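# Structural overview for review
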Amino acid sequence: MPVYRYPRISASEITPEEIWESRRQWMKAAGATFAAGTLAGLPQLGLAATLPKLDAQQSSKFVLMEPVTPEKDATTYNNFFEFGMDKGDPVKYASKMQTSPWQLRVEGECAAPKTFDLDDLRKLSPLEDRTYRMRCVEGWSMAIPWIGYSMSELIKQVQPTANAKFVEFITDVQPKNMPGVRTRSIEWPYRDGLRMDEAMHPLTMLVLGMYGKVLPNQNGAPVRMVVPWKYGFKSVKSIVTIRLLEKQPVGSWERSQPSEYGFYSNVNPEVSHPRWSQATERRIGEDGIFSPKRKSLMFNGYANEVASLYTGLDLRKNY
Ligand SMILES: Nc1nc2c(c(=O)[nH]1)N[C@H]1C(S)=C(S)[C@@H](COP(=O)(O)O)O[C@H]1N2
Ligand SMILES: [Mo]
């Protein structure tokens, strides 16, 4: 198994006893089955098969001519640091997260701030099924069929003012239900931001489901964001607040390690992370840990759509 390498703090330093114990079990289970390309043997908790269906129209615009990642991999190999730092922690612990009732507040530089409940969000715009390529800064990727609509549909509702230059996305904090927030690995709540034009780009998605069903907790239920041309950590899960801002916000990762995680975080194979290259990636569920890695694409393959957002910007400085 590749060694965990996202936060600088090592997991053993900050992980409470019980998580450390289960981490060892996870490593054992994963070690035994990973080479076979499955994650069998994990507890069945929170597995997506039991979740309600969510009807959506297949998008005609956003299609991906690549195999979809097996649902089991996408729902058992996750980053959701509120539940621990190992890929197997979210599926084990996220079932405790309370997702109903849920309210999402959109506020800040706008004429009509508003609180939306889940029903409002489901009805706000027709739900679309769009398969996106996703790339984590750690060097793995997936192709996931998300359900939702463009984030712009939601942001338009609150009538942004001319001062709205940036958007901040903030996750819920449930200390009793989220073992990870009892550690100080990063500053909670988890947050990250986009420039207004990035947030309003049609590819940026407000997500309510995946694989034809509502979102499993470990993937960010009941509502998350997806920004497919940026590293996965920009795709904030379980959002409770969206704030329109005049000034550039600082995300959780940028705050904890600014030399490693910048504001832009575009997938850029030419700019290495200080501790590892970003030139290649391993597609979860397809590339075994011993097979050659595949080349990472500029803007994760979405250059045609988004490169123009960055003309004139030095992407080495603005990483
Ligand atoms: N609230 C919250 N959102 C989060 C994270 C997190 O730890 N907390 N991890 C991010 C990272 S690093 C990645 S790669 C993606 C993973 O999403 P997935 O589990 O659906 O693949 O979620 C992102 N959103
Ligand atoms: Mo990530």
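All values derive from a computational prediction rather than experimental measurement. (Residues numbered from 1 in each chain as written. Chains lettered and ligands numbered in written order. Predicted model: local features only at pLDDT ≥ 70, side-chain atom pairs only at ≥ 80, totals over all residues. Heavy atoms only, no water.)

## Some thoughts on the site of ligand 1
Lining the immediate environment of ligand 1, one finds 18 residues, of which Asn78, Phe81, Arg224, Ser235 and Lys237 sit closest. Backbone polar atom of Asn79 to a nitrogen atom of ligand 1: 3.3 Å apart, as the coordinates give it. A distance of 2.7 Å separates an oxygen atom of ligand 1 from a polar atom in the backbone of Phe81. For ligand 1, whose unbound accessible area comes to 530 Å², protein coverage reaches 97%. Classifying every residue of the shell around ligand 1 gives nine nonpolar, six polar and three charged. (Near = heavy atom within 4 Å. Polar contact = N/O pair within 3.5 Å; in protein donor to acceptor, adjacent residues only side chain to side chain. Areas by Shrake-Rupley, 256 points an atom, 1.4 Å probe, with all protein chains shown as cover. Nonpolar A, V, L, I, M, F, W, Y, C, P; charged D, E, K, R; others polar.)

## Details of the nonpolar core
Counting 82 residues, the largest nonpolar core has Trp146 and Phe169 as its most contacted members. Of the residues forming this core, the biggest block, seven residues, is contributed by strand S5 (residues 140–150). (Core = buried A, V, L, I, M, F, W, Y, C linked by side-chain atoms within 4.5 Å. Buried < 20%, exposed > 50% of the residue type's maximum accessible area, 1.4 Å probe, protein only. Helix = DSSP H or I, 4+ residues; strand = E, 2+ residues; numbered from the N terminus.)

## A look at the side chain of Asn266
With respect to the helices, strands and loops of the structure, Asn266 is situated in the loop between helix H8 (252–256) and strand S12 (280–283). Looking at Asn266, its side chain comes within polar contact range of the side chain of Trp229, at 3.2 Å. Polar side-chain contacts of Asn266 include one of 3.2 Å to the side chain of Lys230. Among residues more than four places away in sequence, those in contact with Asn266 are Trp229, Lys230, Tyr231, Phe299, Tyr310 and Leu315. (Contact = heavy atoms within 4.5 Å.)

## Topic: the sheet that holds strand S3 (residues 114–117)
Pairing in this open sheet of five strands is mixed, and the strands run S3-S2-S11-S6-S7 from one edge to the other. Of all the strands in the sheet, the pair left with one neighbour each is S3 and strand S7 (191–195). Direction aside, the axes of adjacent strands within the sheet are offset by 15° on average. When strand S6 (residues 166–171) meets strand S11 (residues 239–245), the two strands line up antiparallel, connected through six bridges. What sits directly across from Val167, in S11, is Leu244. (Pairing = 2+ DSSP bridges. Axes fitted to C-alpha atoms, helices over the stretch in contact; angles between N-to-C directions.)

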